[in-house]
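What the coordinates show
Chain by chain, the residues:
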Amino acid sequence: MRRTASCCCGALKAHCEGEPVRVSLCHCLECQKRTGSAFGVQARFNEDQVMIEGPSGSWSRTGDEGTVAQFSFCLTCGSTVLWRNAEMPGVVAVTVGAFADPTFPGPTRTVYEDRAHPWLELHGIAEQYD
Ligand SMILES: [Zn+2]
Ligand SMILES: [Zn+2]
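These numbers were taken from a predicted model, which means no experiment stands behind them. (Residues numbered from 1 in each chain as written. Chains lettered and ligands numbered in written order. Predicted model: local features only at pLDDT ≥ 70, side-chain atom pairs only at ≥ 80, totals over all residues. Heavy atoms only, no water.)

1. Remarks on the overall build of the protein chain
- What the protein chain contains, in helices and strands, is one helix and eleven strands.
- Seen in sequence order, the protein chain has helices and strands lined up from the N terminus as β-β-β-α-β-β-β-β-β-β-β-β.
- The globule rule puts the C-alpha radius of gyration for 130 residues at 14 Å, and the 14 Å found for the protein chain is close to it.
- When the backbone C-alpha atoms are referred to their principal axes, the protein chain occupies close to 40 × 30 × 25 Å.
- Burial status across the protein chain gives 37% buried among its 130 residues.
- Restricting the contact set of the protein chain to residue pairs at least 6 apart, pairs at least 24 apart contribute 54%.
- Carbon and sulfur atoms make up 51% of the accessible area of the protein chain, which amounts to about 7200 Å² in all.
- Averaged over its 11 positive side-chain charges, the protein chain has a centre that lies 5 Å from the centre of its 15 negative ones. (Helix = DSSP H or I, 4+ residues; strand = E, 2+ residues; numbered from the N terminus. Rg over C-alpha atoms; globule rule 2.2 N^0.38 Å. Buried < 20%, exposed > 50% of the residue type's maximum accessible area, 1.4 Å probe, protein only. Contact = heavy atoms within 4.5 Å. Areas by Shrake-Rupley, 256 points an atom, 1.4 Å probe, with all protein chains shown as cover. Lys, Arg positive; Asp, Glu negative; His and termini not counted. Charge placed at Lys NZ, Arg CZ, Asp CG, Glu CD.)

Dropping the structure here:
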């Protein structure tokens, strides 16, 4: 199985081989800002499953727990396609929306439940964490 995530304009792509290690949904306020939506969904892959194509910019953000995430975005359209976390070497998080594929495996866990919009109703997700 090979799937490709891409930014809005198509200049930055992440070709992903095989299945994601984990898919999760994040309600945190930073994911809300990054996506412009009410939550973020991301798929973790091992570094060797992902081939990146096209130029990207990057910026880093320190999270609540002091971990540093480095985001890669398209220099033309600004979409974030992937990021890496300093705490998890060898792992790449790819934004699920960038696959534009409703058949993409759904999240098995949610995080930052305490920051979720109250109108959201999610079904079939086993693990939920504040
Ligand atoms: Zn782009
Ligand atoms: Zn988040």
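2. Thoughts on the sheet that holds strand β2 (residues 13-17)
- On the basis of which strands lie adjacent, the open sheet formed by three strands has the order β1-β2-β5 and antiparallel pairing. Either end of the sheet is taken by a strand with one partner, and the two such strands are β1 (2-6) and β5 (50-53). Mean inter-strand twist for the sheet, computed between neighbouring axes without regard to direction, equals 20 degrees.
- For β2 and β5, the ladder comprises four bridges, and the chain directions are antiparallel. Residue pairing for β5: Lys13 is matched across the bridge by Glu53. (Pairing = 2+ DSSP bridges. Axes fitted to C-alpha atoms, helices over the stretch in contact; angles between N-to-C directions.)

3. Some details on the coordination of the zinc ion (ligand 2)
- Note on the zinc ion (ligand 2): its protein donors are Cys26 (SG), Cys28 (SG) and Cys31 (SG). The metal-donor distances range over 2.1 to 2.3 Å.
- All donors of the zinc ion (ligand 2) come from a single chain, and their spacing in sequence reads C-x1-C-x2-C. Here Cys28 matches Cys31 in class, with each residue buried. (Donors = N, O, S within 2.8 Å, 3.2 Å for Na, K, Ca; no water.)

4. Observations regarding the packing of aromatic side chains
- Taken as a whole, this structure holds four aromatic pairs when the rule is applied.
- Between Phe45 and Phe99, the aromatic rings sit 6.4 Å apart at their centres with planes inclined by 45 degrees, giving tilted as the arrangement. Highlighted residues: Phe45 in strand β4 (residues 40-46) and Phe99 in the loop between β9 (91-95) and β10 (109-111), separated in sequence by 54 residues.
- Residue class for Phe45 comes out buried when judged on its relative accessible area of 1%.
- Judged by relative accessible area, which is 8%, Phe99 ranks as buried. (Phe/Tyr/Trp six-rings, centres within 6.5 Å; stacked < 30°, edge-to-face > 60°.)

5. Focus: the coordination of the zinc ion (ligand 1)
- Protein coordination at the zinc ion (ligand 1) comes from Cys7 (SG), Cys9 (SG), Cys74 (SG) and Cys77 (SG), with a distance range of 2.3 Å.
- The site at the zinc ion (ligand 1) holds four donor atoms, and with the angles between them running 106 to 117 degrees, its shape is tetrahedral.
- One chain supplies every donor to the zinc ion (ligand 1), and in sequence these donors are spaced C-x1-C-x64-C-x2-C. Residue Cys9 is located in the loop between β1 and β2, and its partner Cys77 is located in the loop between β7 (68-74) and β8 (80-85); the two are separated by 68 residues in the primary sequence.
- With relative accessibility at 41%, the residue Cys9 sits in the partly exposed group. (Tetrahedral: all angles 85-135°; square planar, octahedral: opposite > 155°, others 65-115°.)

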